[in-house]
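Overview (structure and organization)
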Amino acid sequence: MGALPFVDAHIHLWDLTRIRYPWLTPPFDDNGPNGSVEPIARTYLLDDYLADAKAWNVVGAVHVDAGAEAASALDETRWLQALSDERGLPTGLVAFAALDAPDAEALLEAHAAHRSVRGVRHIVNWHADPKRTYTPRDVTGDPAWRTGFGLLAKYGLSFDLQCYPGQMLGLVDLFAAHPDTPVMINHAGMPVDADKTEWREGMKALAALPHVSTKLSGFGFVHRRWTEEQIQPLILEAIEIFGTDRCMFASDVPTDKLFGSLDRHLTAYTAITAGFSEDERRDLFGRNANRLYRLGLAV
């Protein structure tokens, strides 16, 4: 099914017997940004991922912080680094760090000491609709958060940006001031609102910065019962805005399994890009993630 080498740009693993994940702990809320997460609130390990991805030519994968409680951020990195050393996957790690925390620099330094760590993520989603809001306030304008962001280049770390479209324009000046910090937009910028004008303007403004790229995943956040026809224009427009050299397909499992299997997602992505050249598709499905996350794979 998946002949092209696939470097999965966004996966999660979690062992609920090892680390606590508040968002995967009862009681579950049907009205959250994902709907109820109860179907995925169970341990999900590397062999589970490989079973889900068995039909695809997975040659690498980037693990992105899975929402463990903040005090366990370094424990998660240690566990995943040991797994990477033993099994070769995940190939790269994006760890959690609260950039506005007083001890942010110490945590960044500790994460960066691990061979496979490439960046950090601090989810900053804030939306006027409380059903869509992840954080109680928009931290992206906080001077402490911006100071923390400014430390990433010192430790050779990229930043995974998970925000809503209304926050994008407010981040352009910060990212422009730090051209040595690569930024990877998660889930195609999460275009959750019916009117995509705000998303389109924000994505174009961020794409004007050459060190910003985007992942193509998470479309269930937009349409929980998505169809290929619904997500096709979003994918094609994101690729048009960023170009085939700054977009990366990702499975986002097991989170995206709330909206469909890995096979269903990747089959749709493959069909939507069927008209692209083989070179472009190799970039989208593997080479861009390898290059942008500095994985050093032969793809």
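Structure first, text after, so check above.
Let me sum up the structure you'll find in this document. Everything numeric in this text was worked out from a predicted model, so none of it was measured. (Residues numbered from 1 in each chain as written. Predicted model: local features only at pLDDT ≥ 70, side-chain atom pairs only at ≥ 80, totals over all residues. Heavy atoms only, no water.)

A few words on the environment of Tyr269. Position of Tyr269 relative to the elements: it lies in helix H8 (residues 262–272). Taking the C-alpha atoms as reference, Tyr269 lies 7.8 Å from Phe249; in sequence the two are 20 residues apart. Excluding anything up to four places from it in sequence, Tyr269 contacts Leu216, Ser217, Gly218, Phe219, Ile231, Ile235, Phe249, Ala250, Asp256 and Phe285. (Helix = DSSP H or I, 4+ residues; strand = E, 2+ residues; numbered from the N terminus. Contact = heavy atoms within 4.5 Å.)

Here we come to the pairing of strand E5 (residues 158–161). Covered by surrounding structure in E5 are Ser158 and Asp160 together with Phe159 and Leu161, the residues of both alternating faces. With three bridges joining them, strand E4 (residues 117–121) and E5 adopt parallel strand pairing. Residue pairing for E5: Val120 is matched across the bridge by Phe159. With helix H4 (residues 143–149) bridging E4 and its parallel neighbour E5, the resulting β-α-β unit is right-handed. Where E5 meets strand E6 (residues 183–185), three bridges bridge the pair, whose relative direction is parallel. Bridged to Leu161 within E6 is Ile185. (Buried < 20%, exposed > 50% of the residue type's maximum accessible area, 1.4 Å probe, protein only. Pairing = 2+ DSSP bridges. Right-handed = clockwise from strand over helix to strand, strands pointing away.)

In total, this model carries zero disulfides according to the counting rule given. Cys247 provides the cysteine sulfur closest to Cys163, a residue in no disulfide bond, and the two sulfurs are 15 Å apart. (Disulfide = S-S within 2.5 Å.)

In a structure, side chains of opposite charge can pair up when their charged atoms sit close to one another. Throughout the structure, instances matching the rule amount to 16 salt bridges. A salt bridge links Arg78 to Asp75; the shortest N-O distance between them is 3.1 Å. Here Arg78 and its partner Asp75 are both found in helix H2 (residues 73–87), three residues apart, which amounts to about one turn of the helix. Arg78 sits in the partly exposed class, given a relative accessible area of 45%. With a closest N to O distance of 2.5 Å, Asp85 and Arg115 form a salt bridge. Separated by 30 residues along the polypeptide, Asp85 in helix H2 and Arg115 in the loop between helix H3 (104–112) and E4 bring together distant segments of the chain. (Salt bridge = Lys/Arg side-chain N within 4 Å of Asp/Glu carboxyl O.)

Turning our eyes to something else, we now look at the nonpolar core. Nonpolar side chains tend to gather and get buried jointly when the protein is soluble and globular. Within the largest apolar cluster, 83 residues are counted, with the highest numbers of intra-cluster contacts made by Tyr49 and Leu161. Not counting residues up to four positions away in its chain, the partners in contact with Leu161 are Val124, Leu171, Phe175, Val183, Met184, Ile185, Asn186 and Leu206. Core analysis: the second largest hydrophobic core is formed by 12 residues, Val7, Ala250, Leu292 and Leu295 among them. (Core = buried A, V, L, I, M, F, W, Y, C linked by side-chain atoms within 4.5 Å.)

Within E4, five of the five residues are buried, which leaves it mostly tucked inside the rest of the structure. Inspection of the sheet shows strand E3 (residues 92–96) paired to E4 by four bridges, in the parallel sense. The residue bridging Ala95 from the neighbouring strand is Val120, located in E4. For the segment spanning E3, H3 and E4, crossover handedness is right-handed.

Right, let's talk about the side chain of Glu76 for a bit. Turning to its location among the elements, Glu76 is positioned in helix H2. No salt bridge is formed by the buried Glu76, whose closest oppositely charged neighbour, Arg121, lies at an N-O distance of 8.3 Å. Each residue touching Glu76, except ones within four places of it in the same chain, is listed here: Ile19, Tyr21, His63, Asp65, Ala66 and Ala68. (Lys, Arg positive; Asp, Glu negative; His and termini not counted.)

Positionally, Pro39 belongs in the loop between strand E1 (2–11) and helix H1 (46–52). Judged by relative accessible area, Pro39 falls into the exposed class, the value being 52%.

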